[in-house]
Amino acid sequence: MAAASVSVQAIVLLAVAAVASAQLSATFYDSSCPRALGTIRSAVTAALGGPPYTVLLGRRDSTTASLSQANSDLPPPGSSLASLISGFARKGLTTTDMVALSGAHTVGQAQCANFRSRLYGESNLNQSDAAALRANCPQSGGNGNLAPMDLETPNTFDGAFFRGLLSQRGVLHSDQQLFSGGSTDALVQSYASNAAQFRNDFAAAMVRMGSVGVLTGSQGQIRLSCSSVN
Ligand code: HEM
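Residues numbered from 1 in each chain as written. Predicted model: local features only at pLDDT ≥ 70, side-chain atom pairs only at ≥ 80, totals over all residues. Heavy atoms only, no water.

Definition in use: UniProt positions are given in the numbering used here, feature names are shortened, and annotations may be inferred rather than shown by experiment.
Per an unreviewed UniProt entry, the protein chain is named peroxidase, and its organism is Miscanthus lutarioriparius. Within the UniProt record for the protein chain, the comment given under Catalytic activity (unreviewed entry) is "2 a phenolic donor + H2O2 = 2 a phenolic radical donor + 2 H2O". Among the UniProt annotations of the protein chain, the heading Sequence similarities (unreviewed entry) holds the following wording: "Belongs to the peroxidase family. Ascorbate peroxidase subfamily."

**A few points about the coordination of the iron atom of the ligand**
So the rule is basically this: The donor definition counts N, O and S atoms within 2.8 Å of each metal and applies 3.2 Å to Na, K and Ca; water is not among these atoms, so some sites may look incomplete. Helix and strand definitions follow DSSP, with helices as H or I runs of at least four residues and strands as E runs of at least two, each counted in order from the N terminus.
From the protein, the iron atom of the ligand takes a single donor atom, His105 (NE2), 2.1 Å away. Structurally, His105 can be placed in the loop between helix H5 (95–102) and strand E1 (109–111).

**A few points about helix H4 (residues 81–90)**
One turn of an α-helix holds 3.6 residues; hence residues three or four places apart share an orientation. The condition is simple: Burial classes: relative accessible area under 20% of the type maximum marks a residue as buried, over 50% as exposed, and values in between as partly exposed (1.4 Å probe, protein chains only). This arc is taken over the directions from the axis of the helix to the C-beta atoms. We call two residues in contact when some of their heavy atoms are within 4.5 Å.
Buried residues of H4: Leu81, Leu84, Gly87 and Phe88, and no others. Summarising the axial view, the buried residues of H4 lie within an arc of 130°, below the 170-degree limit, and thus occupy one face. Residues of H4 that are exposed and point over 90 degrees away from its buried face: Ala82 and Arg90. Elements that come into contact with the buried residues of H4 comprise H5 and helix H9 (173–177). Where H4 ends, the next residue or the one after it, Gly92, has phi of about 80°, a positive value.

This is the structure in structure tokens:
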């Protein structure tokens, strides 16, 4: 009798654990992999000057990677403002989230193939930047040549990306769309002059983006080994 009651309790505990494992939580790996978060945090801190935020852990995501789904869900760099807004809205993210998250382009680089048509076909691009960028991104060839997306401070997480947009220094068409006479102009102006507002909104939007499309129950998996499905 005692044994039966213990095993019923064990089953209940397992069931609770299974439900809990389908929810995101900041402490998800505290017992199964207690050093994970500290290890990741120190690597990220060493690499990025972005604002801190609490990452909810335990996403189960898919059982396999899908190139076609990734491509169909990622906005292309030729996107209009309207399609950027609607693409993020489809994921439950607001226009403010979209603008703030685009500020990630304050660091990192883009390949020539992703901004060539802007260099040779668009007039709302700062002319001296255009000349310098064309030198490294010819009309044909050099597809992989890189340019920073924040031409002022490419390695610093700051508001310079947004200040650049005010002077038509956006390298990607999609980035310049955020300041091109549309509904997001005012927010870009705010972020350009108020780095704290950008950092706060960015952190909040990163947390929301981390909760997009969370799988529950028996959907998806967390790989036990990074290199193969379970
Ligand atoms: C708003 C829609 C977005 C578009 C159209 C877009 C587009 C792009 C493109 C075309 C590149 C260059 C990739 C290459 O040439 O290899 C890029 C790079 C990058 N994007 Fe975005 N992106 C968007 C949103 C985001 C978001 C939400 C984040 C993160 C919060 C982000 C973070 C980055 C970073 C960090 C890089 C640089 C990668 C590197 O240097 O290796 N982007 N993005």
